[in-house]
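Coordinate inspection notes
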Amino acid sequence: MADDFSERCEQALHAFMREFGITDRDRAMRHIVKDWLISHGYTKPADEADGTQERADGRDPEFVQYPSYYKDGGNL
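The structure displayed is predicted, hence computed values, not measured ones.

It is worth spelling out the overall build of the chain at this point. A count of helices and strands for the chain gives 2 helices and 0 strands. Accessible area for the chain stands at about 7100 Å²; split by element, carbon and sulfur atoms hold 52% of it.

Listed below in structure tokens is the structure:
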């Protein structure tokens, strides 16, 4: 059974490498593991890894001000 699984994994890896034009087996494995870790929430994509979420214009998309809501000492 282990040999069957190993063979299926190798076949799948080679199909992946053909599809993405990757010739280096280690590079393909790193790509697969990185994608899995990101998709399962264990890490963030490189562009989000530093913790900044600023847009290209430098503004933080999470920061929004609505001064009209804060009347009478900050009560809504």
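Time to look at the packing of aromatic side chains. Across all of its chains, the model carries 2 aromatic pairs by this definition. Measuring from ring centre to ring centre gives 4.7 Å for Phe16 and Phe20, while their planes differ by 40°; the resulting arrangement is tilted. Of the two residues, Phe16 and Phe20 both sit in helix 1 (residues 2-20), 4 residues apart, roughly one turn of that helix. By relative accessible area, Phe16 is classed as buried at 17%. On the numbers, 5.6 Å between centres and 15° between planes, the contact of Trp36 with Tyr42 is stacked.

With that out of the way, let us pick up the pattern of salt bridges. When charged atoms on two side chains of opposite charge get close, those side chains can pair. Within the structure shown, the criterion is met by 2 salt bridges. The partner of Asp4 in a salt bridge is Arg8, with the nearest N and O atoms 3.5 Å apart. Here Asp4 pairs with Arg8, and both are found in helix 1, just 4 residues apart, close to one helical turn. The exposure class of Asp4 is partly exposed, given its relative accessible area of 45%. Its relative accessible area of 48% is what places Arg8 among the partly exposed residues. With a closest N to O distance of 2.4 Å, Arg25 and Glu10 form a salt bridge. One end of the pair, Arg25, is in helix 2 (residues 25-39); the other, Glu10, is in helix 1, with 15 residues separating them in the sequence.

Thresholds, definitions, all that
- Residues numbered from 1 in each chain as written.
- Predicted model: local features only at pLDDT ≥ 70, side-chain atom pairs only at ≥ 80, totals over all residues.
- Heavy atoms only, no water.
- Helix = DSSP H or I, 4+ residues; strand = E, 2+ residues; numbered from the N terminus.
- Areas by Shrake-Rupley, 256 points an atom, 1.4 Å probe, with all protein chains shown as cover.
- Phe/Tyr/Trp six-rings, centres within 6.5 Å; stacked < 30°, edge-to-face > 60°.
- Buried < 20%, exposed > 50% of the residue type's maximum accessible area, 1.4 Å probe, protein only.
- Salt bridge = Lys/Arg side-chain N within 4 Å of Asp/Glu carboxyl O.

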